[in-house]
Amino acid sequence: MMIATYNANSIRARMPVIMKWLSDRRPDVLCLQETKVTDDEFPAPEIEAVGYRPVFRGEKSYNGVAILSRHEIEQVSFGFDGRGLDEGARILTARIRGIEIVNTYVPQGTAPDSDRFQYKLDWFQRLLDHFSARYKTSDRLIWIGDFNVAPEPIDVHDPKRLLGHVGYHPDEHRALAAVKAWGFVDIFRMHRPEPGHYTFWDYRVRDSVARGLGWRVDHIWGTETLAALSTDSWIDREPRLWQKPSDHTPVIAEFSI
DNA sequence: ATGGTCGTTGGACGA
């Protein structure tokens, strides 16, 4: 079972990349973030035509999450406890082949002195409450998506300079660590402990991929129960180098399920 | 390397 995550940065702009990637890699499940379309504009027919069932929740211009699956999708819900429009376009939960998948687009946070940054920190606390209320740490549970935080020094290209920037700030590290302490394992890092693996490269930095100026902010985390079933995890850097790329690239994990 | 770029828009704003 191959499960992937990809911040598409607009599904309409990214359909050529997504269709090629699905065709090349054929993951069982692809979780998307930043689809940036209302549900009536979601390109479901094109996705269904290549063998994937989509579930999605979006809004005009901003946010938006989706799950594409080659298998039956059960127990779909949106937002914290299935409530809330704002959170609904950032959290999509589904059960696929007995795995609980929570796909999130965590608020980016804008800047550490902004209201949006505090909203991001609070959002992690609300997500922790959400996990605590709905799941057991023994469940087959995946938390996947764009977390908008690089957790460790090896997850950014220049940890000394970047410390304190949005995405690599001590307050964010504390907030994320609190969720992790509930019972998550960083499945990618479990398989790839070495530095230099990134999932995001800023459009504004020239030749950022070739120069290694990236961040690892997209993640696949799981309970110990699920991590024990994971056989590999890697980042597919190629789509970041294709024509009209997203500023992110897919992360994949494989499970013996 | 925070700005150089994208995407959604139809001028900025978010990332």
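Above this text you will find the structure in question.
Residues numbered from 1 in each chain as written. Chains lettered and ligands numbered in written order. Predicted model: local features only at pLDDT ≥ 70, side-chain atom pairs only at ≥ 80, totals over all residues. Heavy atoms only, no water.

Enquirer: Can you lay out the overall build of chain A for me, pointing to particular residues and giving the numbers?
Expert: Looking only at helices and strands, one finds eight helices and 12 strands in chain A. For chain A, whose C-alpha radius of gyration is 17 Å, the value lies close to the compact-globule estimate of 18 Å for 257 residues. C-alpha atoms of chain A, sized along the principal axes, occupy 45 × 45 × 35 Å. The buried share of chain A, taken over its 257 residues, is 58%. Carbon and sulfur atoms form 48% of the exposed surface of chain A, whose accessible area is close to 11000 Å². If you average the places of the 33 positive and of the 37 negative side-chain charges in chain A, the two averages end up 3 Å apart. (Helix = DSSP H or I, 4+ residues; strand = E, 2+ residues; numbered from the N terminus. Rg over C-alpha atoms; globule rule 2.2 N^0.38 Å. Buried < 20%, exposed > 50% of the residue type's maximum accessible area, 1.4 Å probe, protein only. Areas by Shrake-Rupley, 256 points an atom, 1.4 Å probe, with all protein chains shown as cover. Lys, Arg positive; Asp, Glu negative; His and termini not counted. Charge placed at Lys NZ, Arg CZ, Asp CG, Glu CD.)

Enquirer: Describe the pattern of salt bridges, naming the residues involved and giving the relevant values.
Expert: Any two side chains of opposite charge can pair, given that their charged atoms come close. For the structure on display, the rule yields 17 salt bridges. The partner of Asp158 in a salt bridge is Arg161, with the nearest N and O atoms 3.5 Å apart. When its relative accessible area of 27% is taken as the criterion, Asp158 is described as partly exposed. Residue classification places Arg161 among the partly exposed residues on the basis of a relative accessible area of 48%. The residue Arg174 makes a salt bridge to Asp171 at a minimum N-O spacing of 2.6 Å. (Salt bridge = Lys/Arg side-chain N within 4 Å of Asp/Glu carboxyl O.)

Enquirer: Go over the nonpolar core, please, and point to the residues and values.
Expert: Core analysis: the biggest nonpolar cluster contains 27 residues, and Ile3, Val29, Ile67, Ile101, Ile142 and Phe255 have the highest contact counts within it. For this core, the secondary-structure elements that each account for two or more residues are β2 (29-33), β4 (65-69), β6 (91-96), β7 (99-105), β8 (141-146), α7 (187-191), α8 (224-227) and β12 (251-255). Ignoring anything within four residues of it in the chain, the contact list for Phe255 reads Met1, Ile3, Ile142, Ile187, Leu226, Leu229, Ser230 and Thr231. In this structure, Phe147, Val166, Leu176 and Val179 belong to the second largest nonpolar core, which totals 23 residues. (Core = buried A, V, L, I, M, F, W, Y, C linked by side-chain atoms within 4.5 Å. Contact = heavy atoms within 4.5 Å.)

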